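# Architecture at a glance
Here are the chains, one letter per residue:
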Amino acid sequence: MAQSSTHVFLFSLISIAAFAAVSEGWWGSYTHIYIKNGLDKGTLLTVHCKSKDDDLGVHVLKYDEEFKFQFKPNFWPTTLFFCGFTWDSKLHNFDIYDQHRDEYTCQPDCKWSITRDHPCRFNIETKKYDVCSHIYH
């Protein structure tokens, strides 16, 4: 009977700790996404971002303006936000946040500059948007 009481106590303790972790955000802190118009001066950038559950609407950015949003990535690493970028009447698509790709490099901020050739992520070390290995699809 003492062993049963110990198991119940341990289960209760683990359950309380797990609930506290979720409710306090121990593994669910906010991620902030910044999208900057890095096109030419005078070129407007239309941004429309979505996830499976959220449509963030359409935003028109002048040169050097930013659009920002935030979210809590889910416990299972499947959070995905994808965006359509339009300029000069052409649509370009890009996964602005893919939890598998960005979980560790975008904590807590993920800053992107949208250029004609590719999206470029802000590099904390160089203080420039020079991580440009991604492509539009």
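Quick look at the structure, then. (Residues numbered from 1 in each chain as written. Predicted model: local features only at pLDDT ≥ 70, side-chain atom pairs only at ≥ 80, totals over all residues. Heavy atoms only, no water.)

## Description of the pattern of salt bridges
Where charged atoms from two side chains of opposite charge approach closely, those side chains can pair. Evaluated as defined, the whole model comprises four salt bridges. In this structure, the salt-bridge partner of Asp-64 is Lys-36, at a minimum N-O distance of 3.1 Å. With Asp-64 in the loop between β3 (55–61) and β4 (66–71) and Lys-36 in strand β1 (residues 31–37), this residue pair connects regions lying 28 residues apart in the sequence. Relative accessible area serves as the criterion here: at 19%, Lys-36 is assigned to the buried category. Shared partners join several salt bridges into a network, and the residues in it are Asp-40, Asp-88 and Arg-116. (Salt bridge = Lys/Arg side-chain N within 4 Å of Asp/Glu carboxyl O. Helix = DSSP H or I, 4+ residues; strand = E, 2+ residues; numbered from the N terminus. Buried < 20%, exposed > 50% of the residue type's maximum accessible area, 1.4 Å probe, protein only.)

## Description of the sheet that holds β3
The sheet built from four strands is open, its strands ordered β3-β2-β5-β6 with antiparallel pairing. The outermost strands of the open sheet, each flanked by one partner alone, are β3 and β6 (90–98). Mean inter-strand twist for the sheet, computed between neighbouring axes without regard to direction, equals 20°. Two strands pair when backbone bridges link them, and strand β5 (residues 80–87) and β6 are joined in this way by eight bridges, in the antiparallel orientation. Across the sheet, residue Cys-83 finds its bridge partner in β6, namely Phe-94. (Pairing = 2+ DSSP bridges. Axes fitted to C-alpha atoms, helices over the stretch in contact; angles between N-to-C directions.)

## Looking at the packing of aromatic side chains
For the coordinates displayed, the defined rule picks out ten aromatic pairs. With 4.9 Å between their ring centres and 65° between their planes, Phe-71 and Tyr-97 make a pair best called edge-to-face. Placement of Phe-71 in strand β4 and of Tyr-97 in strand β6 is noted, with a sequence separation of 26 residues between them. Grouping residues by exposure puts Phe-71 and Tyr-97 together as buried. Through successive ring pairs, a cluster of aromatic residues spans Phe-67, Phe-69, Phe-71, Phe-81 and Tyr-97. Residue placement shows Lys-111 over the ring face of Phe-122; its charged tip is 5.6 Å from the ring centre. (Phe/Tyr/Trp six-rings, centres within 6.5 Å; stacked < 30°, edge-to-face > 60°. Lys NZ or Arg CZ within 6 Å of the ring centre and 35° of its normal.)

Interpretation in functional terms is not warranted from these geometric data alone.
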